[in-house]
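# Residue-level structure breakdown
Read off the chains here:
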Amino acid sequence: MSYLSAVLRHLKILIPGGVLALLGACSTTDRGPAPTLERQAAWVVLPFANHTETPLAGNRAEAIALALLHAQGVGTVKRYVSTTQQEALFDVAEGKRQQEALEWAREQQARYALTGAVDEWRYKVGVDGEPAAGVTLQIIDVASGETLWTAAGGKSGWSREALSAVGQKLIRELLQSGLAAAR
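Treat the numbers as computed from the prediction; the structure is a model and nothing was measured.

Below, the discussion takes up the overall build of the protein. Along its length, the protein carries 4 helices and 6 strands. Mapped from its N terminus to its C terminus, the protein presents α and β elements in the order α-β-β-α-β-α-β-β-β-α. Relative to its full complement of 183 residues, the protein shows a buried share of 40%. At a minimum sequence separation of 6, the contacts of the protein that also span at least 24 residues come to 71%. A total accessible area of about 10,300 Å² is found for the protein, and carbon and sulfur atoms account for 57% of it.

Right, dumping it as structure tokens:
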């Protein structure tokens, strides 16, 4: 009986560690140090670049980021609504559109802008069709145009998980780190 109890004791240690290692392999993130931000300041969400083949992936990530900023308790948040949409894989006007959006943010007297890019937003090809999202985020000081914080991450989910849920988890994780020092 002592051999069986020793095996069970080892399994109790190994199984949780294995599960954590497996879950950790599903996500990769890199983040800058959290800046000191005024949580109740006026915020805007600027257009997210879409570097994927998935139409409107940037718009989907913007909508999620807007909702998560509200959920994190930041001040007023407005979303820049562009009259043009980026659908081409290589958009040469991306920089110009970003500058126009930043000018709009200044007109709105916003203190901070959240913007980013979507690098992956798809279901992987294969039997399981796992959802995968890759996003970069930036918090910008609107007045100066200076990037205060940036983060990048990628996350994949399980075969029955929604792509939007994986994207939401990833954006939430990144935003929480960017807002960690907000007062």
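Taking 1.5 Å per residue as the helical rise, helix 3 (residues 94-107) with its 14 residues ought to reach 20 Å, and the 20 Å between its terminal C-alpha atoms agrees with that figure. Those residues of helix 3 not exposed but buried are Arg97, Ala101, Leu102, Trp104 and Ala105. The buried residues of helix 3 all sit within an arc of 155° when viewed along its axis, so they share a single face. In helix 3, the exposed residues that point more than 90 degrees away from the buried face are Lys96 and Glu107. In this structure, the buried residues of helix 3 make contact with strand 2 (43-50), strand 3 (77-79) and strand 5 (131-141). Immediately beyond the C-terminal end of helix 3, within one or two residues, lies glutamine 109, with a positive phi of roughly 60°.

Now for the side chain of arginine 39. By the element assignment, arginine 39 lies in the loop between strand 1 (27-31) and strand 2. Although buried, arginine 39 forms no salt bridge, and the nearest oppositely charged side chain, glutamate 38, lies 11 Å from it. Within polar-contact distance, the side chain of arginine 39 engages the backbone oxygen of glutamine 72 at 2.5 Å. A distance of 3.3 Å separates a polar atom in the side chain of arginine 39 from the backbone oxygen of leucine 179.

Counted at 1.5 Å a residue, the expected span for helix 2 (residues 57-71) with its 15 residues is 21 Å, and the 21 Å between its end C-alpha atoms agrees. Within the span of helix 2, buried status applies to Ala57, Gly58, Ala61, Glu62, Ile64, Ala65, Leu66, Leu68 and Leu69. Its buried side turned inward, helix 2 meets strand 2, strand 3, strand 4 (112-123) and helix 4 (163-178). Glycine 73 lies just past helix 2 and shows a positive phi near 80°.

Before going further, it helps to examine the nonpolar core. Within the largest apolar cluster, 32 residues are counted, with the highest numbers of intra-cluster contacts made by Trp43, Leu69, Trp121, Leu137 and Ile171. Among the elements of the structure, strand 2, helix 2, strand 4, strand 5, strand 6 (147-156) and helix 4 are those that each provide at least two residues to this core. The dominant element in this core, judged by the number of residues it contributes, is helix 2, at 7 residues. Leaving out residues up to four positions away in the same chain, isoleucine 171 has contacts with Ala61, Ile64, Ala65, Leu68, Val135 and Leu137. Core analysis: the second largest hydrophobic core is formed by 11 residues, Val44, Tyr80, Trp104 and Ala110 among them.

Phi at leucine 56 takes a positive value of approximately 65°, unusual for a residue other than glycine. Here leucine 56 shows up in the loop between strand 2 and helix 2.

According to the stated counting rule, one finds 7 salt bridges in the structure shown. Notably, a salt bridge pairs glutamate 173 with arginine 31, separated by 3.9 Å at the nearest N-O pair. Highlighted residues: glutamate 173 in helix 4 and arginine 31 in strand 1, separated in sequence by 142 residues. By relative accessible area, glutamate 173 is classed as partly exposed at 25%. Note that glutamate 161 is salt-bridged to lysine 169, the shortest N-O span being 2.5 Å.

Rules behind the numbers
Residues numbered from 1 in each chain as written. Predicted model: local features only at pLDDT ≥ 70, side-chain atom pairs only at ≥ 80, totals over all residues. Heavy atoms only, no water. Helix = DSSP H or I, 4+ residues; strand = E, 2+ residues; numbered from the N terminus. Buried < 20%, exposed > 50% of the residue type's maximum accessible area, 1.4 Å probe, protein only. Contact = heavy atoms within 4.5 Å. Areas by Shrake-Rupley, 256 points an atom, 1.4 Å probe, with all protein chains shown as cover. Expected span 1.5 Å × (residues − 1). Arc of directions from axis to C-beta. Lys, Arg positive; Asp, Glu negative; His and termini not counted. Salt bridge = Lys/Arg side-chain N within 4 Å of Asp/Glu carboxyl O. Polar contact = N/O pair within 3.5 Å; in protein donor to acceptor, adjacent residues only side chain to side chain. Core = buried A, V, L, I, M, F, W, Y, C linked by side-chain atoms within 4.5 Å.

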